[in-house]
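Report on the structure
What follows is the residue order along each chain.
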2 protein chains.
Amino acid sequence: MSVTIRDVARRAQVSISTVSRVLNDTCRVSEEKRRRVLEAAEQLGYRPNPVARSLLTKETGALGVVVPFVFGEFFAELLNGIDAAAQERAFCLTISTSHRHEHELRAALQSLHKRVDGVLLMTPEMPGEQAVAHLPEDVPVVFLNTRLSGDGYAVVNFDNAGGFRALTRHLIALGHRRIAVITGPEAAFDAAERLRGYRMALEEAGMAFDPAWLIPGDYSQRAGYEAVQTLLAWPERPTAILASNDQMAFGALSALREAGLRVPEDVSLAGFDDVPSARYTVPSLTSARVPIRDLGARAVQCLVDHIQAETPPAPRSLVLPVDLVVRDSTAPVGGRLHTAAIEPTARKA
Amino acid sequence: MSVTIRDVARRAQVSISTVSRVLNDTCRVSEEKRRRVLEAAEQLGYRPNPVARSLLTKETGALGVVVPFVFGEFFAELLNGIDAAAQERAFCLTISTSHRHEHELRAALQSLHKRVDGVLLMTPEMPGEQAVAHLPEDVPVVFLNTRLSGDGYAVVNFDNAGGFRALTRHLIALGHRRIAVITGPEAAFDAAERLRGYRMALEEAGMAFDPAWLIPGDYSQRAGYEAVQTLLAWPERPTAILASNDQMAFGALSALREAGLRVPEDVSLAGFDDVPSARYTVPSLTSARVPIRDLGARAVQCLVDHIQAETPPAPRSLVLPVDLVVRDSTAPVGGRLHTAAIEPTARKA
DNA sequence: TGCGTGTTCGAAAACGTTTTCATGCTACGG
DNA sequence: CCGTAGCATGAAAACGTTTTCGAACACGCA
């Protein structure tokens, strides 16, 4: 059926060893035979069988990518970064997604057994050490956006805390003192880090942290929308709202507008991630830019280095910087919040 | 290093054939030996090597997924559908993305040689027949969202034309006669289909098609934004704008708001795809719901059926229905468009 | 007892490569 | 002329499975 190395050898009148040697350029072969082999391979359209090869070499030329879920623009960007970097190094990508439960994660990791040379693992809601226990065998791993307690593994993260701290500082500098936060999923590592950045900024400014200003969210647009509805019923209203990601900020924005509150005149609003849409809302959204593509690319780089190194390199922990992006949704605190809510169309900025 | 079938055989005091037979349940084995094998495999933590297995069986248990690019929420949803369906049938996913040029597509397809049992191929900007010519060998293929001239291959598409026709009809029924369309990428199959739906609806209503009402776009938010800026300079303004996808509608919405035009009082606006965000804009966006997850799931189903059938089934062409979703961004034509542009805050619906 | 039949199981081939090992050849110095 | 080193090359082993083939054995029947 398929053309094998034997067919090439027969046609070139050489042994299969010679064919292998020519094609892999592994040692010297006479010019005459090299020509014959190349010609035969070309004519027959020979493609080596990667399965047979990897049975022997123990290399598959594939990387596993395991993520717990897939949502919106974030994941698309991440995959872009990963794929570009992998393609550059001639690796295929075997990806597995959607495992909410631990046993699903286990099944996903087990199914990669002997199929990949290394694994990119993103488990924001589970410590890296716990996830790695489900790996079938001793395979190189690099974590993305994951909490790691020790330093036994390589990990690439964003500076979630730093980014959120910068956002909070920005609001404080604008005079805001009542800053509500729509949080991310309770179990999520990055959400906790962002919250930590908020507390750091408050502390630095000598402001007290009050858990009453936190509204639980789950990174969905709907959560942002509902959070604002909750928040509008509070006795004292915030002058600024900090959403733990852009998606929730979008939801918040639409709830605010429906309620007749103007952004940023009545309430300042900011998000996190700086997804492409953030610049196209009205007003455009102040956010913190996380280099999503870079995250994927760096992780691949790290993993491939690990795979190709003869001696396993020391595990590295990489934290990518997050940049504050100030747009039109944040402004100095106005002080006329309550009246504005009553007469929504009375003023125009 | 790794535990093999030999280790299990030795420990269970049987031959490797027997181990294989027990583990694959391929023919009768005495109860005693079966027990011993199972026990030994369990104790050693034996996992069969899929590479060795597939060298013999010619099956890899993997599906290739090849898409030209990855953008936003659409792709995330698609992947969700594909992954869920594949996992259900115990297939891994090997995905390859980002090939703008034909030779990149070729390289991507070639790299799947002998690595996958079948390929899911999405090439909206290239006819299926042209893409399939780059496949390394005779491997089952199912197309997604791709133009297919003949009927030699299986394909799963949306009813792009029908959906867009429904949107256009909806606007016509609301009294709109000047309906501008922000088109998709010129080469894109789905964009062309949507445009065809627009023309069909016009024709059915006895209205003339005028290419002057078309503004070129490329499915990006930016394109929608810029399209509206173009359009506002026209001597005669449309009463409704139909964007070829939601992303462009979002961009258009923000440009309209910046220009002081109200949606839907001054201009009606609709999109296509009904991404999750569509219900969270203000006003919420009238759109056409495409069953993205289903697209992926059906394609996988189709492909796996093909793979597992002993005789290749007749290629099927599947067109998934698209539902009109009417929200707040479309309204009966007002007739006060021009004055409204001058006094944007004059009315409140 | 001899023979056919059916059942369980092990030996060995096969899959398509890479790599080791041995062999034959050439060239060269003594 | 001979031994040896170096080199090109082919034969064969190896990778870890599945599957075919045949052997061994038990059993029923003549």
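Residues numbered from 1 in each chain as written. Chains lettered and ligands numbered in written order. Predicted model: local features only at pLDDT ≥ 70, side-chain atom pairs only at ≥ 80, totals over all residues. Heavy atoms only, no water.

What the rule picks out here adds up to 30 salt bridges over all chains. One salt bridge in this structure joins glutamate 226 of chain A and arginine 222 of chain A, with 3.2 Å as the shortest N-O distance. Of this pair, glutamate 226 of chain A and arginine 222 of chain A both sit in helix H10 (residues 221–232), 4 residues apart, which is roughly one turn of that helix. The salt bridge partner of arginine 34 of chain B is aspartate 25 of chain B, with a shortest N-O separation of 3.3 Å. Taken together, the shared-partner salt bridges connect Glu32, Arg35, Arg36 and Glu39 of chain A into one network. (Salt bridge = Lys/Arg side-chain N within 4 Å of Asp/Glu carboxyl O. Helix = DSSP H or I, 4+ residues; strand = E, 2+ residues; numbered from the N terminus.)

In the region of DNA strand D, 27 residues are neighbours, and Thr18 and Arg21 of chain A together with Ile5, Ser20 and Leu56 of chain B sit closest. Across the atoms of DNA strand D situated within 4 Å of the protein, the share located in sugar and phosphate is 57%. Within the backbone of serine 30 of chain A, an N or O atom sits 2.8 Å from a phosphate oxygen of DNA strand D. At 3.0 Å from a sugar or linking oxygen of DNA strand D is found a side-chain nitrogen or oxygen belonging to tyrosine 46 of chain B. Counting residues per element, the surface near DNA strand D draws most heavily on helix H2 (residues 16–24) of chain B, which supplies 5 residues. Among the residues forming the surface near DNA strand D, the class breakdown is 10 nonpolar, 9 polar and 8 charged. (Near = heavy atom within 4 Å. Polar contact = N/O pair within 3.5 Å; in protein donor to acceptor, adjacent residues only side chain to side chain. Nonpolar A, V, L, I, M, F, W, Y, C, P; charged D, E, K, R; others polar.)

What follows is about the protein's contact with DNA strand C. Every one of the 27 residues lining DNA strand C counts as a neighbour, but Ser20 and Leu56 of chain A together with Thr18, Arg21 and Ser30 of chain B are closest to it. The share of sugar and phosphate among atoms of DNA strand C within 4 Å of the protein is 57%. Within the contact set of DNA strand C, a base nitrogen lies 2.7 Å away from a side-chain nitrogen or oxygen of arginine 21 of chain B. Take serine 30 of chain B: an N or O atom from its main chain is 2.7 Å from a phosphate oxygen of DNA strand C. Where the surface near DNA strand C is concerned, the elements lending two or more residues are helix H1 (5–12), helix H2 (16–24) and helix H4 (50–57) of chain A together with H2 and helix H4 (50–57) of chain B. The dominant element in the surface near DNA strand C, judged by the number of residues it contributes, is H2 of chain A, at 5 residues. Of the residues assigned to the surface near DNA strand C, the class counts are 10 nonpolar, 9 polar and 8 charged.

Now for the nonpolar core. If you look at the biggest cluster of nonpolar residues, it comprises 151 residues, and the most contacted ones within it are Leu78, Leu120 and Leu242 of chain A together with Leu78, Leu120 and Leu242 of chain B. If near-sequence neighbours (up to four positions away) are discounted, leucine 120 of chain B is found in contact with Gly64, Val65, Val66, Ile82, Val142, Leu144, Ala299, Val300 and Leu303 of chain B. In this structure, Leu105, Val116, Val132 and Phe143 of chain B belong to the second largest nonpolar core, which totals 18 residues. (Core = buried A, V, L, I, M, F, W, Y, C linked by side-chain atoms within 4.5 Å. Buried < 20%, exposed > 50% of the residue type's maximum accessible area, 1.4 Å probe, protein only. Contact = heavy atoms within 4.5 Å.)

Residue placement: arginine 6 of chain A occurs in helix H1. Separated by 10 residues in sequence, arginine 6 of chain A and isoleucine 16 of chain A place their C-alpha atoms 5.9 Å apart.

Let's shift gears to the relation of the copies chain B and chain A. Superposing the two chain copies requires a rotation about an axis and a translation along that axis. Aligned on chain A, chain B shows an RMSD of 0.1 Å; the corresponding rotation is 180° and the shift along the axis is 0.0 Å. Accordingly, the operation relating the two chain copies is best matched by a two-fold axis. For chain B, the smallest separation between a C-alpha atom and the rotation axis is recorded for threonine 94 of chain B, amounting to 2.2 Å. (Least-squares fit on C-alpha atoms with pLDDT ≥ 70 in both.)

The next subject is the sheet that holds strand E4 (residues 141–144) of chain A. Read from one edge of the open sheet, 12 strands run E11(A)-E5(A)-E4(A)-E3(A)-E1(A)-E2(A)-E2(B)-E1(B)-E3(B)-E4(B)-E5(B)-E11(B), paired in mixed fashion. Each edge of the open sheet is held by one strand with a lone partner, namely strand E11 (317–320) of chain A together with strand E11 (317–320) of chain B. Strand-to-strand twist of the sheet, defined as the mean angle between neighbouring strand axes without regard to direction, takes the value 20°. Taken together, the 3 bridges between strand E3 (residues 118–121) of chain A and E4 of chain A define a ladder with parallel strand orientation. Across the sheet, leucine 120 of chain A pairs through a bridge with valine 142 of chain A, a residue of E4 of chain A. (Pairing = 2+ DSSP bridges. Axes fitted to C-alpha atoms, helices over the stretch in contact; angles between N-to-C directions.)

A word on helix H1 (residues 5–12) of chain B. Residues and elements named next belong to chain B. Of the positions making up H1, those classed as buried are Val8, Ala9 and Ala12. When H1 is viewed along its axis, its buried side chains cluster within an angular range of 100° and face the same direction. Turned more than 90 degrees from where H1 packs its buried face, Arg6 and Arg10 sit exposed. Looking at the buried positions of H1, the neighbouring elements they touch are H2 and helix H3 (31–44). Of the residues flanking the start of H1, the one acting as N-cap is threonine 4, its side-chain oxygen 3.0 Å from the backbone nitrogen of arginine 6. Directly beyond the C-terminal end of H1, a positive phi value near 60° is found at glutamine 13. (Arc of directions from axis to C-beta.)

This part is about the confidence of the model for chain A. Of the residues in chain A, 96% have a pLDDT of 70 or more, and the chain-wide mean is 92. Here residues 336–349 of chain A scores under 50 on pLDDT; set against residues more than four positions off or in separate chains, the count is 24 contacts. (pLDDT = per-residue confidence, 0-100.)

A few words on unusual backbone geometry. A negative phi holds for most residues other than glycine; trans holds for most peptide bonds. Residues and elements named next belong to chain B. In this structure, the amide linkage connecting valine 263 to the following residue, proline 264, adopts the cis form with an omega of 5°. Along the chain, the position of proline 264 falls in the loop between helix H11 (246–258) and strand E9 (268–270). Cis peptide bonds are those with omega within 30 degrees of zero, and the linkage from valine 282 to proline 283 qualifies with 0°. Checked against the element boundaries, proline 283 lands in the loop between E9 and strand E10 (287–289). One non-glycine residue with positive phi stands out, namely aspartate 274, at about 55°. Along the chain, aspartate 274 falls in the loop between E9 and E10.

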